Amino acid sequence: MTSPGVMNGHLLAAKGIVKSYGHVRALQGADFDVFPGEVAALVGDNGAGKSTLIKILSGTVRPDGGEIWFDGRTLTIQSPVEARHLGLETVYQDLALAADLDPAANLFLGREIRQPGLRGRLGFIDKKAMREKAEDAFATLGIGLQDIDVEVAMLSGGQRQAVAVSRAVTWASRVIFMDEPTAALGVVQAHRVLELIRRLRGSGMSVVLISHNLPQVFEVADRIQVLRLGRRVATLRPNQTTMEQVVGAMTGADLEAAS
Amino acid sequence: MAREKAPAETAELTPSPEEAELPRTALAGLTAATSTWIFLVLVVIIAVFSALDFDSFASVFNLRNITIDASSLLIIAVGMTFVIITSGIDLSVGSVLVFSQVVASLVMREMGAEGMDVILAGLASGLLAGGAWGLFNGLLIAKTRIPALIVTLGTLGMAQGAALLLSGGINVRGAVPPELVRTVGLGRLFGQIPYLVLIAAGVTIVGGVILHLTQFGRYTYAIGSNAEASRRAGINVPRHLIKVYVLSGLLAGLAGFVLLARFTTTTIEGHGTANLQAIAAVVIGGTSLFGGRGAIFGTVVGVFIPAILRNGFIILGIRPFWQQVAVGAVLILAVYFDQVKRRARERQ
């Protein structure tokens, strides 16, 4: 299975990924690739395997088979920690925030700043430093939180989304996966997320966007890869494709569109 | 973008900004003040008892007795606070306490029941016994998917049974070195502050520092709040849970040892409801049974409300059975407040 431009120059690529849950074969030899500084959209109908594929690439789930290439070499991503060391960050669909902790604590979850010296070695964390850095991060991304000391549960849906996105943006150096980042948002907020995606691309970051919202995908993506029944069935360019063709590839109604 | 973001967001998600902002800040204040509220309840209780019979209730002698009685429960409740914040539960603490007492007593009796080395060996074996049950609990809870309620209900029976097997079903006597009883059991710093109380206070302060200021504490909250998010954030959730249950077991062992010093014998039959008392204290103190939130300060208050009610009722000649009724009501009220807060929060 060859698609245009797959073999050369990609930053991250999945090849022939297989994953089953019991009798359910979520991925049956799925391919996927991302170039440096591009917005790669991953679309597909419910159950096509999008989320499973992203979880594998972000180290949350381990594949049964297949290869992952990163920076020109093949590797395994055994855990979220390993993915993070590679510079890969994920905005999960459920946001993966600890609702009882404040935004700064969530931003630094698992990467707490310790106090200097002996206190740090005893495990004391530097709440003040984390709070200041979190304020900086939110300000840089243009996220207005009236009260940064309030727990995440008290924030609005859009603000929670913003916290999850800024965590990924703060720590990512190579690729950011965004699983339905606009699903819970209103029109204005969704627009801001798309704007942010463009800005990230402008700074050289790769963004993988999973979305059901095809107009948004067409607005921001450089390439669209279509997953169907656990396989990639098409790689399309928005400026050379219509939405009908993408829908055709997603549903299998028009496999010719996959070219 | 920074300047226009906040108002746009408010307009988008809520019909009226004024309406939306008010309850949010009010709720935040209420949440922060959970322990404060329950502390006020404690102050009122103390004030009422003092007003009704100041000489008996507020005497140094009486207050000393209350704190001595509460000290072993406080030690257990500190461990229970960590466990409940991870959204777990440890029903086994009372049995583990008894098991640790029996092990420590047998070790000390075997060694001659005299001298500093015997005391240290007894302490070490008691802590080891408690920690081992904690490790067993933690391994099962973290590695299998058996709920903590069931695992610790199982070890409650196992530890109790094992303690009875080891002791032959009767309290181990003649095992506690007299030096231990004189110092830890009955002694006071400067002739005023009982060592028992100092030990409990030390455990509480260290527990509070760990919970509120260290990474260990931060992970405890994070796991109770969202275990899957913690895992994705790179926190080793099973390992942390094991540590938390070991801590609970160790503190049960310590409480058992402290009680040995006080009563000079094991107290096999005395701790059937220690688990429930500890859980009640933690929950009355504002720690949520659903995990993710709570404070050591609240637990201290939660230990003292039942203790002072019991004591005050006795002094006033009210039948002490009323204490159980009152504590039960306070417990239900505390959980009710937690639920109201959660619901208000989810409506955001």
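Residues numbered from 1 in each chain as written. Chains lettered and ligands numbered in written order. Predicted model: local features only at pLDDT ≥ 70, side-chain atom pairs only at ≥ 80, totals over all residues.

A. Representation of the overall build of chain B. The helix and strand tally for chain B stands at 16 helices and two strands. Classification of the 348 residues of chain B by burial places 46% in the buried group. Pairs at least 24 apart in sequence give 78% of the contacts found in chain B among residues at least 6 apart. (Helix = DSSP H or I, 4+ residues; strand = E, 2+ residues; numbered from the N terminus. Buried ≥ 20, exposed ≤ 12 C-beta atoms within 10 Å, placed from the backbone. Contact = placed C-beta atoms within 7 Å.)

B. Local environment of the overall build of chain A. Secondary structure assignment for chain A yields nine helices and ten strands. Scaling as 2.2 N^0.38, a compact globule of 259 residues should have a C-alpha radius of gyration of about 18 Å, and chain A matches this with 19 Å. Each principal axis of the C-alpha atoms in chain A carries an extent, and together these give about 60 × 40 × 35 Å. In chain A, which comprises 259 residues, the share counted as buried stands at 47%. Taking as baseline every contact in chain A between residues at least 6 positions apart, the subset at least 24 positions apart corresponds to 65%. (Rg over C-alpha atoms; globule rule 2.2 N^0.38 Å.)

C. Highlighting the packing of helix H5 (residues 60-85) of chain B against helix H14 (residues 274-284) of chain B. Residue and element names in this part refer to chain B. The contact between H5 and H14 brings their axes to 9 Å, and the two run at 65°. Crossing handedness for the pair H5 and H14: right-handed. Where H5 abuts H14, its residues Leu-73, Ile-76, Ala-77, Met-80, Thr-81 and Ile-84 lie against Ala-274, Gln-277, Ala-278, Ile-279, Ala-281 and Val-282. A per-class count over the contact of H5 with H14 returns ten nonpolar, two polar and no charged. (Axes fitted to C-alpha atoms, helices over the stretch in contact; angles between N-to-C directions. Left-handed = near helix turned anticlockwise from the far one by under 90°. Nonpolar A, V, L, I, M, F, W, Y, C, P; charged D, E, K, R; others polar.)

D. Highlighting the sheet that holds strand S1 (residues 12-21) of chain A. Residue and element names in this part refer to chain A. Within the open sheet, the four strands sit side by side as S2-S1-S4-S5. Their pairing is antiparallel. On the outer flanks of this sheet lie strand S2 (24-34) and strand S5 (73-75), each paired with one strand and no other. Neighbouring strand axes in the sheet, compared pairwise and without regard to direction, differ in orientation by 30° on average. Strand direction decides the pairing type here: S1 and strand S4 (residues 65-70), joined by five bridges, are antiparallel. (Pairing = 2+ DSSP bridges.)

E. Expanded view of unusual backbone geometry. Residues and elements named next belong to chain B. One non-glycine residue, Phe-190, lies in the positive phi region at around 55°. By C-beta crowding, Phe-190 is classed as exposed, having 5 other C-beta atoms within 10 Å. Of note, Thr-264 is a non-glycine position whose phi angle comes to about 60°, a positive value. Looking at the secondary structure, you find Thr-264 in the loop between helix H13 (237-263) and H14. Under the C-beta neighbour-count criterion, Thr-264 is labelled partly exposed, with 18 such atoms within 10 Å.

F. Inspection of the nonpolar core at higher detail. Among the nonpolar cores identified, the biggest contains 171 residues, and Ile176(A), Leu209(A) and Ile76(B) are the most heavily contacted of them. Among the elements that line this core, the one with the most residues is H13(B), at 16 residues. Setting aside residues no more than four positions away along its own chain, Leu209(A) makes contact with Val39(A), Ala41(A), Met178(A), Ile197(A), Val217(A), Val220(A) and Ala221(A). (Core = buried A, V, L, I, M, F, W, Y, C linked by C-beta atoms within 7 Å.)

G. Examining helix H5 (residues 127-140) of chain A more closely. All names here are of chain A. In this model H5 runs 20 Å from its N-terminal to its C-terminal C-alpha over 14 residues, within 8% of the 20 Å that 1.5 Å per residue would give. All of the buried residues in H5 are Ala-134, Ala-137 and Phe-138. Along the long axis of H5, the arc covered by the buried residues comes to 95°, so they all point the same way. Exposed residues on H5 whose side chains face more than 90 degrees from its buried face are Lys-128, Asp-136 and Thr-140. On its buried face, H5 is in contact with helix H3 (103-107) and helix H6 (157-171). Directly after H5, the chain includes Gly-142, whose backbone phi takes a positive value near 70°. (Expected span 1.5 Å × (residues − 1). Arc of directions from axis to C-beta.)

H. How the structure looks around the environment of Val327(B). Within the secondary structure, Val327(B) sits in helix H16 (residues 321-346). Considered as a pair, Val327(B) and Asp55(B) are 272 residues apart in the sequence and their alpha carbons are 25 Å apart.

I. Up close: the environment of Thr273(B). Residues and elements named next belong to chain B. With respect to the secondary-structure elements, Thr-273 resides in the loop between H13 and H14. Residue class for Thr-273 comes out exposed when judged on the 10 C-beta atoms lying within 10 Å of it. As for Thr-273 and Ser-95, which are separated by 178 residues in sequence, their C-alpha atoms are 9.6 Å apart.

J. A look at helix H9 (residues 243-251) of chain A. All names here are of chain A. Listing the buried residues of H9 in full gives Val-246, Ala-249 and Met-250. Burial along H9 is one-sided: seen end-on, the buried residues are contained in an arc of 100°. Residues of H9 that are buried sit in contact with strand S3 (39-44), helix H8 (214-220), strand S9 (223-228) and strand S10 (231-236). Downstream of H9 by one or two residues, Gly-252 has phi in the positive range, about 85°.

K. Looking closely at the sheet that holds strand S6 (residues 88-91) of chain A. Residue and element names in this part refer to chain A. Reading across the sheet, the six strands line up as S6-S7-S8-S3-S9-S10 and stay open at both edges, with mixed pairing between neighbours. Strands with a single pairing partner mark the edges of an open sheet, and in this sheet they are S6 and S10. Each strand of the sheet is rotated relative to its neighbour by a mean of 20°, with strand direction disregarded. Where strand S7 (residues 175-179) and strand S8 (residues 206-210) come together, five bridges link them in parallel fashion. Its bridge partner being in S8, Asp-179 is matched across the sheet by Ile-210. Sheet strands in contact with helix H1 (residues 50-57) are S3, S6, S7, S8 and S9, and its direction is about 150° off that of S7. Here H6 sits on the sheet in contact with S6 and S7, set at roughly 175° to S6.

L. Up close: the confidence of the model for chain A. Per-chain confidence: chain A averages 87 in pLDDT, with 95% of residues scoring 70 or above. Segment residues 1-6 of chain A: pLDDT under 50, and four contacts once partners within four positions in sequence are set aside and those in other chains are kept. (pLDDT = per-residue confidence, 0-100.)

M. Layout of the confidence of the model for chain B. When pLDDT is averaged across chain B, the result is 86; 89% of the residues are at 70 or more. In the model, residues 1-32 of chain B has pLDDT below 50 throughout and makes 33 contacts with residues more than four positions away in sequence or in other chains.

N. Quick look at the pairing of S2(A). Residue and element names in this part refer to chain A. By the bridge criterion, eight bridges tie S1 to S2 in an arrangement that is antiparallel. Among the inter-strand pairings, Tyr-21 is bridged to a residue of S2, identified as Val-24. Remark: two residues form the turn of the hairpin made by S1 and S2, two consecutive strands paired antiparallel; Gly-22 in that turn has positive phi of roughly 60°.

O. Molecular detail of the environment of Gly169(B). Counting through the fold element by element, Gly169(B) comes out in the loop between helix H8 (148-167) and helix H9 (178-185). Each C-alpha atom of the pair Gly169(B) and Glu269(B) lies 9.8 Å from the other, and the pair is 100 residues apart in sequence.

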